[in-house]
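Structural features, examined
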Amino acid sequence: MSNDSFFDEPKEQSLVKARIVEKYFWAWAKVIIAQIKSQKSKGRRVDEKIAYIDLFAGTGMYKDGSKSTPIKVLEKAISDPDIRNMLVTLFNDAKVDHIYSLQKAIDAITGIDDLKYKPEVTNFKIGEKNLEIFDVPTLFFLDPYSYKGLSLNLIYAVVKNWGCDCLFFFNYNRINMDLTNPIVEDDINDLFGKIRADIVRKKLKLIKSENREFTIIEAICEALKEIGIKYVQPFRFKHEKKKRTSHHLIFVSKDKRGYQIIKDIMAKESSYQNQGVPSFEYNPADYRQLSLFESSTPLDDLEQMLLDEFASQTMSMEEIYIQHNVGRNYIKQNYQTALKNLESQGKITTEPPINERRKNTFGDSVKVTFPPKQ
């Protein structure tokens, strides 16, 4: 089935997705460049390059003239002297007409010749040849029209080295339909791993339809962690007109700093918050309905979790956040709020105490002592 209609106009979901990638590219590039400069200042030999690779790049422009992710990333790079002098890029798409349109869009970018390294545009199907990637810190964006070509092996290959992170499109709607389709069994097995895919298929036969999404997303997150990718953060997109999920954008990394940055970016792109806790969801509809696996009081839940999981311990706010937030939809601000609430209720003690800190603050270095578990 052709997906060229995807590029007819930039639906709001596509714009949100592009903003997340663009914002993370900028933050990631600044962090990596700072580390490269630090190593160079110490007299160490380092390759002064970073890379951005999009293996399913598309046309570069929507038919209404709006820019898609590749063009926005290149424009962002051109605007910064450090990035434009260090960035190498590769844009690939399996469709020749897409590549033709993409190259035209790239050539038309104002200042494109200011980039030290000319963008490389290629045309091959993922899986049909060995993927040759730059041996430098790289941000990968994997946005297939469906999911064919996306696999655990590919995701691991692109993030295994230092400084390499990945954002990929997880077509939940299509995958949900195809998990039990024998015709595409091999493609599904590539994505989840055969053993886990079989486990998911068995689970889906026993659960209610409203629980399918949680089971499938949990499975892909677990599969990624099993191959050594510790930090995984999904962001859900709801269908424009129907009360169901369309797809997810999933971030994967081996680095906790990148994980914290993407959570802050995705939190700001979320359509709503509950008790100040971001949904990590874009929902274009006017309705708002809690899913069966979503709490109505997430901040209250966090307060109780902290009391239970850190009972009898003394730790800084930063240590609590880093140790506890992985795999949960809480950002640093939520931990600060929860700890302030517990402090005001007399359930924890702090150093320095509230009367010795600036009003309404709970800094990273504040030490928290939790009482024994009741």
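What counts, and at which threshold
- Residues numbered from 1 in each chain as written.
- Predicted model: local features only at pLDDT ≥ 70, side-chain atom pairs only at ≥ 80, totals over all residues.
- Heavy atoms only, no water.
- Helix = DSSP H or I, 4+ residues; strand = E, 2+ residues; numbered from the N terminus.
- Buried < 20%, exposed > 50% of the residue type's maximum accessible area, 1.4 Å probe, protein only.
- Contact = heavy atoms within 4.5 Å.
- Polar contact = N/O pair within 3.5 Å; in protein donor to acceptor, adjacent residues only side chain to side chain.
- Core = buried A, V, L, I, M, F, W, Y, C linked by side-chain atoms within 4.5 Å.
- Pairing = 2+ DSSP bridges.
- Salt bridge = Lys/Arg side-chain N within 4 Å of Asp/Glu carboxyl O.
- Axes fitted to C-alpha atoms, helices over the stretch in contact; angles between N-to-C directions.
- Left-handed = near helix turned anticlockwise from the far one by under 90°.
- Nonpolar A, V, L, I, M, F, W, Y, C, P; charged D, E, K, R; others polar.
- Disulfide = S-S within 2.5 Å.

Examined against the element boundaries, R357 turns out to sit in the loop between β12 (349-351) and β13 (367-369). The class for R357 is buried, based on a relative accessible area of 12%. Along the backbone, R357 and R19 are 338 residues apart, and their C-alpha atoms lie at a distance of 36 Å. Every residue in contact with R357, bar those within four places of it in the chain, is listed here: E343, T350, P352, F362 and V366. A polar atom in the side chain of R357 sits 2.9 Å from the backbone oxygen of P352.

Within the largest apolar cluster, 45 residues are counted, with the highest numbers of intra-cluster contacts made by F25, Y52 and L167. Looking at which element gives the most residues to this core, the answer is helix α1 (residues 12-41), with ten residues. Those residues in contact with F25 that sit more than four places away from it in its chain are Y52, V73, K76, A77, I83, L87 and L139. Listed in part, the 39 residues of the second largest apolar core include V158, Y172, I188 and L224.

With five of five residues buried, strand β1 (residues 50-54) is to be regarded as a mostly interior element. A two-sided burial pattern is seen for β1, the buried positions comprising I50, Y52 and D54 on one face and A51 and I53 on the other. Both β1 and strand β4 (residues 138-142) contribute to a ladder of four bridges, which runs parallel. By the bridge assignment, D54 is partnered in β4 with F141.

By the definition in use, this model includes 19 salt bridges. A salt bridge links E12 to R19, with the shortest nitrogen-to-oxygen separation between them at 3.9 Å. Each of E12, R19, K23 and E269 takes part in one network of salt bridges that share partners.

A few words now on the packing of α1 against helix α10 (residues 256-269). The contact between α1 and α10 brings their axes to 10 Å, and the two run at 150°. Every pair of crossing elements has a handedness; the one defined by α1 and α10 is right-handed. Packed against α1, whose contacting residues are V16, R19, I20, K23, Y24, A27 and V31, the element α10 presents R257, G258, I261, I262, I265, M266 and E269 at the interface. Within the contact of α1 with α10, the residues separate by chemical class into nine nonpolar, one polar and four charged.

Time to look at the pairing of β4. Burial analysis of β4 places five of its five residues in the buried class, the great majority of the element. Here β4 shows a buried face lined by T138, F140 and L142 and a second buried face lined by L139 and F141. One ladder, built from four bridges, connects β4 with strand β5 (residues 165-170); its direction is parallel. For F141, the partnering residue across the bridge sits in β5 and is L167.

Following the sequence through the fold, S279 ends up in the loop between β9 (277-278) and β10 (281-282). Aside from chain neighbours lying at most four places away, what touches S279 is S270, S271, Y272 and N329.

Moving on, we get to the environment of I195. Looking at the element boundaries, I195 is found in helix α8 (residues 194-206). Residue I195 is classed as exposed on the basis of its relative accessible area, which comes to 68%. C-alpha of I195 to C-alpha of A105: the two residues are 90 residues apart in sequence and 43 Å apart in space.

What follows deals with helix α2 (residues 69-78). Of all ten residues in α2, eight are buried, a share of seventy percent or more. Those residues of α2 lying buried are T69, P70, I71, K72, V73, L74, A77 and I78.

With that settled, the discussion passes to the state of the cysteines. All chains considered together, the criterion is met by zero disulfides. Considering cysteine sulfurs only, C166 is the nearest to C164, which forms no disulfide, with 10 Å between them. Among the residues examined, C166 registers a relative accessible area of 0% and is labelled buried.

Moving on, we get to the sheet that holds β13. As summarised here, the arrangement of the three strands in space is β11-β13-β12, forming an open sheet in which the pairing is antiparallel. Since the sheet does not close on itself, it has two edges, and those belong to β11 (314-316) and β12, each with one partner. For this sheet the average axis-to-axis angle between neighbouring strands, irrespective of direction, equals 25°. The sheet contacts of helix α12 (residues 317-324) involve β11 and β13, and relative to β11 the element is tilted by about 90°.

Before going further, it helps to examine the sheet that holds strand β2 (residues 87-92). Spatial strand order, β3-β2-β1-β4-β5-β7-β6-β10: eight strands in an open sheet with mixed pairing. One side of each edge strand has no neighbouring strand; the edge strands of this open sheet are β3 (120-122) and β10. Sitting on the sheet, helix α4 (residues 96-107) is in contact with β2 and β3, with an inclination near 165° to β3. Contacts between helix α5 (residues 152-159) and the sheet are confined to β4, β5 and β7 (245-253), with β5 contributing the most and set at about 155° to the helix.

Distances and angles like these do not, on their own, reveal function.
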